[in-house]
Amino acid sequence: MLFLPAAHLTAAGLAANNRPMQRIFSGIQPSGIPTLGNYLGAIRNWVALQDDHDCIWCVVDLHAITQFQEPALLATATREMAATLIACGIDPVRHVLFLQSRVRAHTQLAWIFNCVARLGWLNRMTQFKDKAGENTENVSAGLYVYPNLMAADIHAYHATRVPVGDDQKQHLELANDIAQKFNHDFGVEFFPRIEPLILGPAARVMSLRDGSRKMSKSDASDQSRINLNDDADTISLKIRRAKTDPQPLPSEAEGLVGRPEARNLVGIYAALSDTDHAGVLRQFGGQGFGAFKQALADLVVAKLAPIAAETTRLLADPASLDAILHRGTERAAAIADPIVAEAERLVGFLSP
Ligand code: TYM
């Protein structure tokens, strides 16, 4: 059995109970402006987890290019994503914030995982089916092996906890299957099991136009989502126009069953006011959507305006931002390189 050497712990070190902190890894694609879905399903939870975990946060530009990105726009979106994460409270000093494509260990391990994962496993991935639609012959091969790269992201750091939105759950199950098969094939206990952390009442924020689709930064309709850089008027208008049904809000959470749009807006309110669906319905149950939407818009604006202002401030100094990412990349590589080198040795590759 191989144990994780202490040198693989980052500076964060020990948790309050004096045990080594568990390592977290999570990532976000720079494929557009992050949305309220990204914020509530992931980023907000990441910020809270920083107090008692050793965290590695990654802007996953390799994943973004599984669907074509204009090069100049990708570069801009990558900086904007990093700035937004910091503005939301990601701490690039106590923890690690970096760009996936700059740490070669990700693609090195992903190739090994391409050879471990079975086609049958990938064929079951619902996100591939959603993204490819009818078009399976004409999407990139990268989109198909996307979950293998995601597994490599996590396992290259021997991370054990992965906070994500609900849509990533199946990918994390696959990451565990890959690790288990690697360990079995090579007769080792090298890659640990990972635990998905899917947290809060808004782990799946839905489109404002269609309660059956998730809110996405790459959706063709800007009206379907709230972007973290939307101004107050835009946010209010999008929420006012959000699809709802003609019934008043129910007084109990069970009354949201079969009402996806109402459930979605109540979930957003609950997450932003640190309560649950029942707590929101105690306040707004029996009322029509008019008053509730106004209160929701005010709450969203109050929470997002400081983030947008801080993002703008950070983007005004791209050199400082690039320096933060450069330092993060060095620290990430220092952790991942020896782990991936060991995986390569286990596979049987000679060291040069
Ligand atoms: P991405 O960029 O699509 O989304 C980043 C995070 O936001 C969450 N999320 C949502 N949560 C709630 N409601 C929504 N509508 C919503 N939309 C997105 C996602 O679940 C995710 O946590 N494959 C990942 C990126 C990735 C990754 C990794 C994550 C690459 N490597 C390794 C964890 C570990 C993705 O596409 O994220």
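Residues numbered from 1 in each chain as written. Predicted model: local features only at pLDDT ≥ 70, side-chain atom pairs only at ≥ 80, totals over all residues. Heavy atoms only, no water.

Here the structure, examined in full by the defined rule, presents 18 salt bridges. Note that Lys 181 is salt-bridged to Asp 185, the shortest N-O span being 3.1 Å. Of this pair, Lys 181 and Asp 185 both sit in helix H8 (residues 169–186), separated by four residues, roughly a single helical turn. With a relative accessible area of 40%, Asp 185 lands in the partly exposed category. The salt bridge involving Asp 230 is made with Lys 238; its shortest N-O contact spans 2.7 Å. The residues Asp 230 and Lys 238 share a single accessibility class, namely buried. (Salt bridge = Lys/Arg side-chain N within 4 Å of Asp/Glu carboxyl O. Helix = DSSP H or I, 4+ residues; strand = E, 2+ residues; numbered from the N terminus. Buried < 20%, exposed > 50% of the residue type's maximum accessible area, 1.4 Å probe, protein only.)

Here we come to the side chain of Asn 183. Looking at where Asn 183 falls in the secondary structure, it is placed in helix H8. By relative accessible area, which is 7% here, Asn 183 ends up buried. Side-chain polar atoms of Asn 183 contact the backbone oxygen of Phe 191, separated by 2.9 Å. Filtering out sequence-adjacent residues up to four positions away, Asn 183 remains in contact with Val 188, Glu 189, Phe 190 and Phe 191. (Polar contact = N/O pair within 3.5 Å; in protein donor to acceptor, adjacent residues only side chain to side chain. Contact = heavy atoms within 4.5 Å.)

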